[in-house]
Amino acid sequence: MGTKNKELKKLSKKSSGVEENTDEMMSKSSSEKNVGGHAEQLKRLQEKDPEFYHFLQEHDKDLLEFDDEDTDDDDDTEMDGEEIEDDEADEFDTEQLVHADGKEVKSSTNVITTAMVDAWCSSIHENRNSGAIRSLMRAFRTACHYGDDTGEDAKSKWSTMSSTVFNKIMLFVLKEMDGILRGLLKLPTSGGKKEMIKDMSKTKRWKSNNHLVKSYLGNALHVLNQMTDTEMISFTLRRLRFSSVFLAAFPVLLRKYIKVLLHFWGTGGGALPVVSFLFLRDLCIQLGSDCIDECIRGMYKAYLLNCQFMNASKLQHIQFLGNCFVELLRVDLPNAYQHAFVFIRQLAMILREAHSSTKTKKSSQKANKSSKEAHNTKGKESFLKVYQWKYIHCLELWTAAICAYSSEPEFRPMAYPLTQIISGAARLVPTARYFPLRLRCIKMLNRIAASTNSFVPVSPLLLDMLEIKELHRPPTGGVGKAIDFRTVLRVSKLTLKTRAFQEACVFSVVEELAEHLAQWSYSVGFFELSSVPVVRLRNFCKSTNVDRFRREIKQIIHEIEANSEYTNKKRMTVSFLPNDPAAASFLEDDKNAGVSPLSKYVASLRQRAQQRNDSLKESSILVGQDSSAFGSKITESDEDDDGEDSKGDAVFSSSWLPAGTPKDEESTEEKQQKKKRRNDQQDETAFDEDIVEDFILSSDDEEGSLSDAPSDEEASIKQKPSKAPSKKKGKTHRRKNKKRKQSNQVASAV
């Protein structure tokens, strides 16, 4: 019995030791996920305590005979997407690397060398080695987070690299990783839909490799926020665009990508807006409702931010942004109609508030002084919400959308409410100073009428402009500068009295009226339609004393009468009534050929207007001359990735690393200061352009202009110091006297 008790005690001690050693070993195995380290521990245990190892073989055989492949799969599925830890031992993590030619290259454990990257790349090309892919993705993460202010990642095996190694890693990963990931997941080589990713997410292949996808997209997004070079960002986005379908599995990353792409689309230069838009369009096509609503709202907001101020250099850039937005609506027209309805309704509510304030203004004319000032302030605030660049550009944006999809049943019903809004905005303040804004509204109405083939009463808006008193007075302000109505909404009081303004108004009225009548120049009722405009044009000829205006008006009257004679001869040969459906096909062949007198006259007017606009062009365009017309040429050139890949080696500068030198910080500060100064100048310009001191609708007397405050030119004159003009004047006189002496000397010599 004593011997048995001793044996039991020894066995109990042994079993307790087994439990302690087992717990210790399991804790080590859980803390160290490396499979090779686990095997080495068991080997050392066999050498150190063979009796205990034999006991484990008898009582816990599964602990010794584990499956290496299952452990690898479990480790893969537990890894975080953005941080790929050193959870597997492979031949590329050792201190000695083997080249393709068999030579051994020694490297430090915390430095990524060119030999390491070359070995990984060659192994991936040859046999798609999973260890090489994981090592390369860890290096890619280190490259993307290199120089972060948060400090070195303690879990990362590598911490330093040269700019050459960074260049090599970034180029290889951006060019090859999409194909590598699709090969691992057994997906098509390109394209795909979100349904494909959802089905794939249930498979074991996705659970084993989804961390690689998330690491690739997440780290690339991080380095995008560090880049400042436009070509570098464009190249990165162009390569990431091929993997856009993978974002369906990561909603958080998807929202971040959309935010970054919207920023690049609205503020980028060169080819960056085009590349960003194509990326956004691919997301909407592939992911559908998951991102199309956010993209439409984000692009609309970015468009408004770019439309706050207007000048000649931003004209075509804003047109480009608008064309991109209209193109995006094509992806899902029923969904786009819901957004169009909401945004157009907002424009209508702003206009209704402005009209109600004008009625309140008229009804409060007999009120006391304090209440009158309060009504004036409210009227100015509501009025400025309509007569600003953002509101007018929104009208033009939805006009372009309705004209582009006028044949679609979703958008055609929106033509009527938009026409009413544009007409109301044109009539809100009928003064001569806002002729440029009214002309923009009339151009929009003509576009809607032409695209929808519906009648819009544009002629009253145009003919009312000819009856403003400013056009019947001699130009006391001199010749004046040429005015580009495309870049202004309001002119100053001094500009009203110039010859250039009067000519621009009359010529613009003639051009838009001819456009309106030419649309119906093949109608069976053209004679009746044109009778009232002809009468009012003749009255203007009688009242004006300017010969050039009289010649211009007589010319359009002659063309209208010739067109009336042309249609009257044709309609005398038909037998149907005006309300007969057959009247719609009247002169349809002639309309397709464009042989009416008014059609030929309009063609000459368009050519004259184009020449005038070309002469007013002051500066180059931000995104290229042809970028405003979004078409197949831009898309094809951007999608030609073979040419771009050949330039890819030069895109990433060999001296660039994320979070760079203090020199970069100084340049960033200088850029911020320049941006601040530019914004201050724009704010001052916008304030001078849009401020209105008094809200008066009457335009019959001298005080009928909308603002009694000094205009842009008047304010600039009044703000000059009293001594400055005298100095300038003295310099001018001295210059003139010097020239006069020189001319006298030349004359005496002759």
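Along each chain, residue indices are assigned from 1 in the same order as the chain's sequence is written. With pLDDT at 70 or above as the cut-off, local features in this predicted model cover only qualifying residues; side-chain atom pairs require 80 or more to be listed or tallied, and sums for whole chains, interfaces and linings still use all residues. Remark: hydrogens and water are excluded; side-chain values derive from all non-hydrogen atoms of the structure.

Within an unreviewed UniProt entry, the label attached to the protein chain reads Nucleolar complex protein 2 homolog, and the organism entered is Solanum commersonii. UniProt positions are given in the numbering used here, feature names are shortened, and annotations may be inferred rather than shown by experiment. Under the Sequence similarities (unreviewed entry) heading, UniProt states for the protein chain: "Belongs to the NOC2 family." In its Subcellular location (unreviewed entry) section, UniProt records this for the protein chain: "Nucleus".

Now for the overall build of the protein chain. A run of H or I in DSSP becomes a helix once it reaches four residues, and a run of E becomes a strand once it reaches two; helices and strands are each numbered from the N terminus. Looking only at helices and strands, the protein chain features 33 helices and two strands. Here the protein chain, with 750 residues, has 45% of them falling under the buried criterion. Looking at the protein chain alone, contacts between residues at least 24 apart form 74% of all its contacts between residues at least 6 apart. Total accessible area on the protein chain stands at roughly 39,900 Å², and carbon and sulfur atoms take up 50% of it. Exposure is judged per residue with a 1.4 Å probe applied to protein chains only, and the accessible area is read against the type maximum: over 50% gives exposed, under 20% gives buried, and values in between give partly exposed. The criterion used for residue contact is that any of the two residues' heavy atoms lie within 4.5 Å. Calculation of accessible area relied on Shrake-Rupley with a 1.4 Å probe; when residues are assessed, cover is drawn exclusively from the protein chains displayed.

Before going further, it helps to spend a moment on the packing of aromatic side chains. For this analysis, a ring pair means two rings from Phe, Tyr or Trp (six-membered ring only for Trp) whose centres lie within 6.5 Å, classed as stacked if their planes differ by under 30 degrees, edge-to-face if by over 60, and tilted for the remaining angles. What the rule picks out here adds up to 13 aromatic pairs. Pairing tyrosine 300 with phenylalanine 325 gives two aromatic rings, centres 5.9 Å apart and planes at 45 degrees, and the pair type is tilted. Of this pair, tyrosine 300 sits in helix α14 (residues 292-306) while phenylalanine 325 is found in helix α15 (residues 315-329), placing the two residues 25 residues apart along the sequence. Per residue, the accessibility class of tyrosine 300 equals that of phenylalanine 325, and both read buried. Summarising the aromatic geometry, the rings of tyrosine 337 and phenylalanine 341 are spaced 6.3 Å apart at their centres and angled 45 degrees between planes, so their arrangement reads as tilted. Residue tyrosine 337 and its partner phenylalanine 341 are located together in helix α16 (residues 333-363), separated by four residues, close to a single helical turn. Exposure remark for tyrosine 337: the relative accessible area of 24% places this residue in the partly exposed category. Connected via pairs of aromatic rings, a cluster forms that spans Tyr300, Phe325, Phe343 and Trp398. Above the plane of the ring of phenylalanine 549 lies arginine 548, whose end atom (NZ or CZ) is 5.0 Å from the centre. Think of it as a cone above the ring: NZ of Lys or CZ of Arg counts as a charge over the ring if it is within 6 Å of the ring centre and within 35 degrees of the ring normal.

With that out of the way, let us pick up the confidence of the model for the protein chain. Here the protein chain averages 75 in pLDDT, and 65% of its residues register 70 or above. Each residue gets a pLDDT score, which is the predictor's confidence in that residue and runs from 0 to 100. Under a pLDDT of 50 for its full length, residues 3-35 has, in the predicted model, 26 contacts with residues more than four places off or in other chains. Within the model, the stretch residues 661-667 combines pLDDT values under 50 with zero contacts to residues more than four positions away or in other chains.

Before going further, it helps to examine the pattern of salt bridges. Salt bridges are defined by distance alone: a side-chain nitrogen of Lys or Arg within 4 Å of a carboxyl oxygen of Asp or Glu. Per the stated rule, a full pass over the model turns up 21 salt bridges. Arginine 608 is the partner of glutamate 511 in a salt bridge, and the nearest nitrogen-oxygen pair spans 3.5 Å. Here arginine 608 lies in helix α27 (residues 597-616) and glutamate 511 lies in helix α23 (residues 499-519), a separation of 97 residues in the sequence. Ionic pairing is found between aspartate 547 and arginine 550, a salt bridge with its closest N-O pair at 2.8 Å. Residue aspartate 547 and its partner arginine 550 are both found in helix α25 (residues 547-571); the two are separated by three residues, about one turn of the helix. Aspartate 547 gets classed as partly exposed once you look at its relative accessible area, which sits at 47%. Take arginine 550: its relative accessible area is 22%, and that puts it in the partly exposed class. Through salt bridges that share partners, Glu511, Glu552, Arg608 and Arg612 make up one connected network.

Okay, unusual backbone geometry next. Despite not being glycine, arginine 128 shows a phi value in the positive range, around 50 degrees. Among the secondary structure elements, arginine 128 is positioned in the loop between α6 (114-127) and α7 (130-144). For arginine 128, a relative accessible area of 38% translates into the label partly exposed. Even without a glycine there, the phi angle at asparagine 453 is positive, about 55 degrees. On the secondary structure map, asparagine 453 appears in the loop between α20 (435-452) and α21 (459-466).

Among the nonpolar cores identified, the biggest contains 175 residues, and Tyr216, Phe246, Leu395 and Trp398 are the most heavily contacted of them. The element contributing the most residues to this core is helix α8 (residues 163-185), with twelve residues. Excluding anything up to four places from it in sequence, tryptophan 398 contacts Tyr300, Phe325, Leu329, Ala340, Phe343, Ile344, Leu347 and Leu418. By nonpolar core is meant a set of buried Ala, Val, Leu, Ile, Met, Phe, Trp, Tyr and Cys residues that side-chain atoms within 4.5 Å join together. Grouped together as the second largest cluster of nonpolar side chains are six residues, Val524, Ala583, Phe586 and Leu587 included.

Looking now at the packing of α14 against helix α18 (residues 389-404). Relative to each other, α14 and α18 sit at 135 degrees, their axes nearing to 9 Å. Relative to α18, the element α14 is oriented oblique. Considering only the axes of α14 and α18, their crossing is right-handed. Facing α14, whose interface residues are Tyr300, Tyr303 and Leu304, α18 presents Lys390, His393, Cys394, Leu397 and Trp398. Nonpolar residues are Ala, Val, Leu, Ile, Met, Phe, Trp, Tyr, Cys and Pro. Charged residues are Asp, Glu, Lys and Arg, and all others, Gly as well, are polar. The residue makeup of the contact of α14 with α18, split by class, is six nonpolar, one polar and one charged. For every element, the axis is a line fit to its C-alpha atoms; helices are fit only across the contacting stretch, and the angle between N-to-C directions ranges from 0 to 180 degrees. In this scheme, roughly parallel covers angles under 35 degrees and roughly antiparallel covers those over 145, while 65 to 115 is roughly perpendicular and the rest are oblique. For any helix crossing, the convention is left-handed if the near helix is rotated counterclockwise from the far helix by under a right angle, and right-handed if that rotation is clockwise.

Turning next to the environment of alanine 354. Note on placement: alanine 354 falls in helix α16. For the pair alanine 354 and leucine 428, spaced 74 residues apart in the sequence, the C-alpha separation amounts to 8.0 Å. For alanine 354, the residues in contact, after removing those within four places along its chain, are Ser382, Val386 and Leu428.

For the rest of this paragraph, the subject is helix α13 (residues 272-287). Here, expected helix span is obtained from the residue count minus one, scaled by 1.5 Å. Taking 1.5 Å as the rise per residue, α13 with 16 residues should run 22 Å; its terminal C-alpha atoms sit 22 Å apart, in good agreement. Of all 16 residues in α13, 15 are buried; the element is thus mostly enclosed. Directly beyond the C-terminal end of α13, a positive phi value near 65 degrees is found at glycine 288.

Here glycine 147 shows up in the loop between α7 and α8. In sequence terms glycine 147 and proline 658 are 511 residues apart; their C-alpha atoms lie 6.1 Å from each other.

Attention shifts here to the state of the cysteines. Among covalent bonds in proteins, the disulfide is the one between the sulfur atoms of two cysteines. For this text, the term disulfide refers to a pair of cysteine sulfurs within 2.5 Å. In total, this model carries zero disulfides according to the counting rule given. The thiol sulfur of cysteine 394 is not disulfide-bonded, and the nearest other cysteine sulfur, from cysteine 307, lies at 7.0 Å.

What follows covers the packing of α14 against α15. One can describe the packing of α14 onto α15 by two numbers: an axis separation of 10 Å at closest approach and a directional angle of 165 degrees. What the angle tells us is that α14 and α15 run roughly antiparallel. Where α14 crosses over α15, the two elements pack in a sense that is left-handed. For the pair α14 and α15, contact is made by Cys295, Ile296, Met299, Tyr300, Tyr303 and Asn306 and by His317, Ile318, Leu321, Gly322, Cys324, Phe325, Leu328 and Leu329, respectively. In terms of residue class, the contact of α14 with α15 is built from eleven nonpolar, three polar and no charged.

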